[in-house]
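Single-letter residue listing:
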Number of protein chains: 2
Amino acid sequence: MTLLNVTDISSAACCAPLEREPLGADEAVALANTMKALADPTRLRLLSIVAASADGEACVCDLIEPVGLSQPTVSHHLKILTNAGFLTRSKRGTWAYYRLVPGALGRVGDVLGA
Amino acid sequence: MTLLNVTDISSAACCAPLEREPLGADEAVALANTMKALADPTRLRLLSIVAASADGEACVCDLIEPVGLSQPTVSHHLKILTNAGFLTRSKRGTWAYYRLVPGALGRVGDVLGA
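My aim in this report is to walk through the structure given alongside it, one point at a time. (Residues numbered from 1 in each chain as written. Chains lettered and ligands numbered in written order. Predicted model: local features only at pLDDT ≥ 70, side-chain atom pairs only at ≥ 80, totals over all residues. Heavy atoms only, no water.)

Another point: the relation of the copies chain A and chain B. Of the transformation placing chain A onto chain B, the axial shift is 0.0 Å and the rotation is 180°, giving an RMSD of 0.0 Å. What we have between these two chains is a two-fold relation. Residue G109 of chain A, judged by its C-alpha, is the member of chain A lying nearest the rotation axis, at 1.8 Å. Of the interface residues in chain A, 100% have counterparts in chain B that sit at the interface too, so the contact is made through matching surfaces. (Least-squares fit on C-alpha atoms with pLDDT ≥ 70 in both. Contact = heavy atoms within 4.5 Å.)

Below, the structure written as structure tokens:
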């Protein structure tokens, strides 16, 4: 069994569950970076608060109190989640509003073999 | 909507997808710790190599070459994965053998809402 044939593995990369075949080195780095965005309690709570919001959207002004951190800190975490592809951001007036990117969390779950 | 009622949320904690209701603080810490175990390219590759092994089991001696790291480093990563509940370890003769804990990755995927 060839474990490190990155070329072959990459061609089937997008949807191969982690359990089905060995991850190539490049895939592993990309997936680990995605996991790092999720590997923080504040970011997980922010994601779940945004997702559970009535209209699927939350103003940064409504996220500060629930997590008990300053606005710059909350905005920093939201930026990491946005850069990792989990949230979209739109600015309206004074505030930024965040929405979950549909399917983004599910795709990570799929890779894990859920 | 009460976002921080940890008592209520904990009672439904085990299987509530991240998108369904806001995570409580304690749940978020536990899930982030699990994610941290997965947020490393070497550990992701080790997991997938073990999982894709012919009989679902891999000797640490067979994991060193594919990831290109020293045995102590590989053993360190395997210990983190074992402590996080993703692998079981059994010692036979000179070597330790690792297996994926059935369903452990899938449960993380389920929480993400896969």
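Right, picking up where we left off after that structure.
Another aspect to go through is the interface of chain A and chain B. Buried accessible area, meaning the area lost when the parts come together, often serves as the stated size of an interface. Counting residues at the interface gives 38 residues for chain A, matched by 39 residues for chain B. For the pair chain A and chain B, the two sides together bury roughly 3100 Å², of which 77% comes from carbon and sulfur. Taken together, chain A and chain B are joined by zero salt bridges. On inspection of chain A and its partner chain B, the count reaches four residue pairs in polar contact (both at pLDDT 80 or more). Mapped by element, the contributors of at least two residues to the side of chain A that touches chain B are α2 (25–38), α3 (41–52) and α6 (104–112) of chain A. (Buried area = accessible area lost by both parts, 1.4 Å probe. Salt bridge = Lys/Arg side-chain N within 4 Å of Asp/Glu carboxyl O. Polar contact = N/O pair within 3.5 Å; in protein donor to acceptor, adjacent residues only side chain to side chain. Helix = DSSP H or I, 4+ residues; strand = E, 2+ residues; numbered from the N terminus.)

What follows is about the pattern of salt bridges. All names here are of chain A. Taken as a whole, this structure holds four salt bridges over all chains when the rule is applied. The partner of R92 in a salt bridge is E57, with the nearest N and O atoms 2.8 Å apart. Of this pair, R92 sits in strand β2 (residues 87–92) while E57 sits in strand β1 (residues 57–59), and the two are 35 residues apart along the sequence. Among the residues examined, R92 registers a relative accessible area of 43% and is labelled partly exposed. Several salt bridges converge on common partners, so that one network encompasses E57, R92 and R99. (Buried < 20%, exposed > 50% of the residue type's maximum accessible area, 1.4 Å probe, protein only.)

Tracing the chain through its elements places P41 of chain B in helix α3 (residues 41–52). Owing to a relative accessible area of 23%, P41 of chain B belongs among the partly exposed residues under this scheme. Sequence separation between P41 of chain B and V67 of chain B is 26 residues, and the spatial gap between their C-alpha atoms is 9.7 Å. Not counting the four nearest positions on each side in its chain, P41 of chain B is found in contact with A28, V29 and A32 of chain A.

Moving on: the sheet that holds strand β2 (residues 87–92) of chain B. Residue and element names in this part refer to chain B. Strands sit in the order β1-β3-β2 across an open sheet of three strands; the sheet is antiparallel. Each edge of the sheet is formed by a strand with only one pairing partner; in this case those strands are β1 (57–59) and β2. The average angle at which neighbouring strand axes cross in this sheet is 25°, direction not considered. The pairing of β1 with strand β3 (residues 95–100) spans three bridges and is antiparallel. The residue of β3 that forms the bridge with C59 is Y97. Helix-sheet contacts for α3 involve β1, β2 and β3, and the interaxial angle to β3 is about 85°. (Pairing = 2+ DSSP bridges. Axes fitted to C-alpha atoms, helices over the stretch in contact; angles between N-to-C directions.)

The values are spatial; any link to function lies outside them.
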